[in-house]
Amino acid sequence: MNTDAMQRFESAVTAGLPKTGRPTEELLLQLAAAFRAVFGLTDEEYDRSVKGLEARLAINMDTGTVLTAADHAPWLSGRKASIKPFFWDRYRLLLEMDRRSPTVLNVLDGITDDLLDLAGDPTREGAWHRRGLVMGDVQSGKTGTYTGLICKAADAGYGLVILLTGSLENLRRQTQERLDIGFVGFDSAVRLNKAQVGDSRYVGVGLIDRTRMGMVFTSRAQDFRKSVVNSFNFRLASMTDPVLLVVKKNRQVLANLETWLRDFNAGPDGRIYQPILLIDDEADAGSVNTAALNDDPTKVNEAIRKLLALFTRSSYVGFTATPFANVFIDSDTNEGMLGDDLFPSDYIWALDAPDNYVGPGKVLRPDGGMVTPLEDAEAFFPTGHKSSLVVSGLPESLYEAIRFYLIATVIRDLRLHIPPHRSMLVNVSQWTRVQNEIAATLDEWVRGLQRDVRNFSALPEPEALANPSLAALRATWEEGFESAEFAWPEIQAVLNESVQPVVVKPVNQTTGAASLDYRDQGEMGLRVIAVGGNSLSRGLTLEGLTSSYFYRNSQAYDTLMQMGRWFGYRDGYEDLCRVWMSDEALGNYAYIAGVIVELRDDLKRMKRQGLTPREFGLRVRSHPGALMVTARNKMRRATKVTFDMSLDHKLIETTRLPLSSAGLAANTLLVSNWLDTISREYGDPTSDEVWGMSGWAAIPKDQIGDLLREFRAHPMNHQFQGEPLADFLLETTEDRLSRWEVRIPSGSWQVPVKLGERVSVRPRVRRVVRALETKTIVVSGSSSRVGSPDDERLGLTRDHVRELQKRYPGQTIPGDEYRYLRDHPLLIINLIWPYERPKDSKNKEAQEFLPADYCPIVALSLSLPAFDDRDVKVHLEYQVNDVYWQSMLDELGDDFEVGDVLD
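Predicted model only: the values in this text are computed from it and were never measured.

**Some words on the packing of aromatic side chains**
No. 1: Applying the stated criterion across every chain, the model contains 18 aromatic pairs.
No. 2: Where F86 meets F87, the ring centres are 5.1 Å apart and the plane angle is 85°; that geometry is what we call edge-to-face. Neither residue differs from the other here; F86 and F87 are each classed as buried.
No. 3: Where W749 meets F849, the ring centres are 5.2 Å apart and the plane angle is 65°; that geometry is what we call edge-to-face. Separated by 100 residues along the polypeptide, W749 in the loop between β22 (739-744) and β23 (753-755) and F849 in strand β28 (residues 848-849) bring together distant segments of the chain.
No. 4: Judged by relative accessible area, which is 34%, F849 ranks as partly exposed.
No. 5: Sitting over the face of the ring of Y202, R210 holds its NZ or CZ atom 3.9 Å from the ring centroid.

Below, the structure is given as structure tokens:
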């Protein structure tokens, strides 16, 4: 099959589709028929290509939501006729040749226009400064968005663009390579070595049109150096083409850049009058000032602000998937928040990912999604282990994950999948020495397996399967792939060709930035099992990622989300992807994903209300999930943390409870006595007329407060702080919170259990996870949910629910949709019979019920209606000791042993 001809055919058809609007399938088929003869495709090649084109045509993408300051004056529409879109047209054509969805390209065109408008007019005279933030999903294509923005900014007149990457060189190198392809047009490493553009090796857009070229004075090989720039006699004022610098967030590199700009480009007053666009990738890492209110700013934050202060006209835009820290800037006071020069005071834009994006909603589904639970890793990589850990062996689950990766690689080869790269991630330790030992052990094992494949895979099936390595591969195929389109004889026939190119590589500070290089790998691409830690997170893309094996400290929520390299685009092989992780890590991923969804919903609602970025910043600061995700630097300095929490349309559940059986029994007794009191004062529970669940329709808020004040939740149940919640209900005058509906759902447990004298209910059967290191029991395990979304429909009419069902045909209606419709709060008392999954069981339905002293468990769900709470908040104050906070701190902190390298 001629894959090259198929690729060129698909690019030609894509280029012929309209640049605006959504192209029709009829037009697609007309173009396909016209181009078929040109590329000489067979029937099979033509059918495969058209099927792929139709799939890309079906991809949808929305523009997202943006909040802007009230004083923004749009300018781009008035200047657009005079702007020649050279760099943008060249980049768009490159994306078309890469067979990107026309719908997505049209949306990207509109988004980058609007972002450029918000960034500011580079021809506008006088002094001005713009500050913005763009929120995207992890691995969702933010690089493509800011590449498009750079191209359009260059077309509009921005003469200098500085792109700040993360703090690690391998990420800066990868980002430079992508900008060489999408904006510069030639290999920057060759350009800086040979000092003549004509001697450079053209790449990407440079192969399309060389009429103009972006200038660059950083490269894949090196970060910014004053000596290199001076060797070119580079001065901003003398440049006719736009200049790009791709720079690490390293305080010394940034200081050198600021010194060079000031010494060689500033006027007599020490200022530079050319406009600058500064794009800050991974803007929540390194850039944010995490110093205490009256302390000097952190060094990287200070260096970025000094860079911007050199220019009379500057536009700063941060890109991040975890934006919490950016709106916590100087968060001790409202005025201080705006006083920090990097606060996104002009605009905040939440991008939507295309519907082919594989994000948390697909990976972290309550039914397990793409995740396989890890239960044998702790014995080999103990939580909190030091760099002295001796790697004496590896868990069987890791070997199984590699076998899964190898079989998936074979299937992708049989599917003639393009692009060719195939990656696997192994992230189990923060220590480079441990990573290198793991990589060496895996390398030896993989080489042995490759020898067996070479020696036995060509034999008849019975003889081949007599070899243990091939038998194990077949067992993996039977369990994970037997329903796929290829039978085992087809797999075995190409096994050797697919498996032999696979290599194991450690990717960390000791192995260097070039240790993971996808360039110039030939037709087979790079097939790599990458073993690393921090170097495999924070923006680095693992091309063609299939298997991910992840076992890390699960308390660092934002770091965890950034380590989620398995999110992204998996067109043509989504069904072959799998993630191995612990139940606790899965639960925390689900939690932080929920926090981000809530904040995006807040942004949409605030957009409708015409509110500003500053007000959104205040909103994020009132969100307990956001606080726990990102405010750890402040927590290093104190044992008391105080903040105001919003309750507007919130769901609060006690998903984390004390591990102590005595504490759980105390909760059961508390609820039993409380229900007896309610029954005496308001009568026996009755069934809801619409949905049939037993309880009471209107209980005064002070009674609810009495229960919340005494209920014992684990401190890590961040949103449920019983005493301040009770105080809030006692003091608030908000009419919507004055009376509560109380319901007690019945579950599937066969034997009813009495709660007090008048309530008898069948408990819900729920999976739990006991986490010994944090002394907590997590209800519903990885889903981190106590109840069901349908619980929140209580109090609503069937007509309300029917309207929602029309909006979510065949789907589960999100609980927050019910909350928007409800005009009163709901308390659900969940009686739970808990079970665990038996250790080493691969059956997701397996149940092992907890000992009798743990049964049953009571957990609470609070569903609150939407109301205006800008002036009505819950005042929360955490009193904790240093040991507890240390367990919550980012594991990538400063406390590691002298002489060890932390990756």
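**Quick word on the sheet that holds strand β10 (residues 371-373)**
No. 1: An order of β10-β16-β14-β11-β13-β12 is seen for the six strands of this open sheet, with the pairing classed as parallel. For this open sheet the edge positions go to β10 and β12 (503-507), each flanked by a neighbour on one side alone. When strand polarity is set aside, the average angle formed by the axes of neighbouring strands in this sheet is 20°.
No. 2: Pairing geometry for strand β14 (residues 545-550) and strand β16 (residues 578-581), over three bridges, is parallel. Each bridged residue has a counterpart across the sheet, and for S548 the counterpart in β16 is V579.
No. 3: Strand contacts of helix α15 (residues 396-414): β11 (422-427), β13 (527-532), β14 and β16, with the helix running at about 165° to β11, the strand carrying the most contacts.

**Digging into the sheet that holds strand β5 (residues 243-247)**
No. 1: Read from one edge to the other, the open sheet built from eight strands follows the order β1-β8-β2-β7-β6-β3-β5-β4, with strand pairing classed as mixed. Two strands lie at the open edges of the sheet, namely β1 (65-68) and β4 (215-216), each paired on one side alone.
No. 2: In this structure, strand β3 (residues 160-164) lies alongside β5, joined through five bridges in parallel fashion. In the sheet register, L163 faces β5, and the bridge partner there is V246.
No. 3: Packing of helix α6 (residues 102-119) onto the sheet brings it into contact with β1, β2 (128-135), β7 (313-320) and β8 (347-350), and relative to β8 it is tilted by some 165°.
No. 4: Across the sheet, helix α8 (residues 169-184) touches β3, β4 and β5, and the angle it forms with β5 is around 160°.

**So, the pattern of salt bridges**
No. 1: Counted according to the given criterion, the structure contains 39 salt bridges.
No. 2: Notably, a salt bridge pairs D413 with R422, separated by 2.8 Å at the nearest N-O pair.
No. 3: Taking the shortest distance from any N to any O, the salt bridge between R474 and E478 comes out at 2.1 Å. Residue R474 and its partner E478 are located together in helix α18 (residues 468-480), separated by four residues, close to a single helical turn.
No. 4: Overall, R474 belongs to the buried group, its relative accessible area being 18%.
No. 5: A network of salt bridges, in which partner residues are shared, links K80, R92, E96, D109, D113 and K152.

What counts, and at which threshold
Residues numbered from 1 in each chain as written. Predicted model: local features only at pLDDT ≥ 70, side-chain atom pairs only at ≥ 80, totals over all residues. Heavy atoms only, no water. Phe/Tyr/Trp six-rings, centres within 6.5 Å; stacked < 30°, edge-to-face > 60°. Buried < 20%, exposed > 50% of the residue type's maximum accessible area, 1.4 Å probe, protein only. Helix = DSSP H or I, 4+ residues; strand = E, 2+ residues; numbered from the N terminus. Lys NZ or Arg CZ within 6 Å of the ring centre and 35° of its normal. Pairing = 2+ DSSP bridges. Axes fitted to C-alpha atoms, helices over the stretch in contact; angles between N-to-C directions. Contact = heavy atoms within 4.5 Å. Salt bridge = Lys/Arg side-chain N within 4 Å of Asp/Glu carboxyl O.

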